[in-house]
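Chains, contacts and geometry: an overview
Residue strings, one per chain:
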Amino acid sequence: MDEVIWNAARAARAWLDATNGTDQTELTCRILKLSEEAGEAAGAWIGVLGQNPRKGITHTRAEVAAELADVVFTALVAIESLGLDARSVVTACAAKVESRITP
């Protein structure tokens, strides 16, 4: 199943490349898109907490998880857009984290 993830990230990058080009401005936008997606996740969590008294509870944990998944996928596309293999980069990151938490 994880092949679907990596293939989709590469396909999304190729689609964006073909549609928007690959210059530095486009790459910048793809990286900044992470902030937008993270903001949506934060907004959803605020909705879970009912932090806005005018709106009350507006989101579920499942909706927060979906927004966080958007952040992850957007990061994968950004990594691919840098000309790197997202799977290799994420695997190296996971190994680094694991080495820090394994006694």
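Described in the following lines is the structure provided in the data block. Quantities reported herein were computed from a predicted structural model and do not represent experimental measurements.

So, how was this worked out
Residues numbered from 1 in each chain as written. Predicted model: local features only at pLDDT ≥ 70, side-chain atom pairs only at ≥ 80, totals over all residues. Heavy atoms only, no water. Core = buried A, V, L, I, M, F, W, Y, C linked by side-chain atoms within 4.5 Å. Buried < 20%, exposed > 50% of the residue type's maximum accessible area, 1.4 Å probe, protein only. Helix = DSSP H or I, 4+ residues; strand = E, 2+ residues; numbered from the N terminus. Contact = heavy atoms within 4.5 Å. Polar contact = N/O pair within 3.5 Å; in protein donor to acceptor, adjacent residues only side chain to side chain.

What about the nonpolar core?
Ranked by size, the top nonpolar core spans eight residues in total: Trp 6, Ala 9, Ala 12, Leu 16, Leu 76, Val 77, Ile 79 and Ala 86. When residues in this core are grouped by element, the largest group, four residues, is from helix α1 (residues 2–20). Trp 6 has contacts with Leu 76, Ala 86, Arg 87 and Val 90, leaving out every residue within four places of it along the chain.

Structural notes on the environment of Leu 82
Along the chain, the position of Leu 82 falls in the loop between α3 (61–81) and α4 (86–101). Under the relative-accessibility criterion, Leu 82 is labelled partly exposed at 48%. Placed 35 residues apart in sequence, Leu 82 and Gly 47 show a C-alpha to C-alpha distance of 34 Å. Contacts of Leu 82, omitting those with residues within four sequence positions, involve Leu 27 and Ile 31.

Examining the environment of Val 89
Within the secondary structure, Val 89 sits in helix α4. In this structure, the C-alpha to C-alpha distance between Val 89 and Val 72, residues 17 residues apart in sequence, is 13 Å. With near-sequence residues (within four places) excluded, Val 89 lies in contact with Ile 79 and Leu 84.

Side note on the side chain of Ser 81
Mapped onto the secondary structure, Ser 81 falls in helix α3. Under the relative-accessibility criterion, Ser 81 is labelled buried at 18%. Of the polar contacts made by the side chain of Ser 81, one reaches the side chain of Arg 30; its length is 2.7 Å. For Ser 81, the residues in contact, after removing those within four places along its chain, are Arg 13, Leu 27 and Arg 30.

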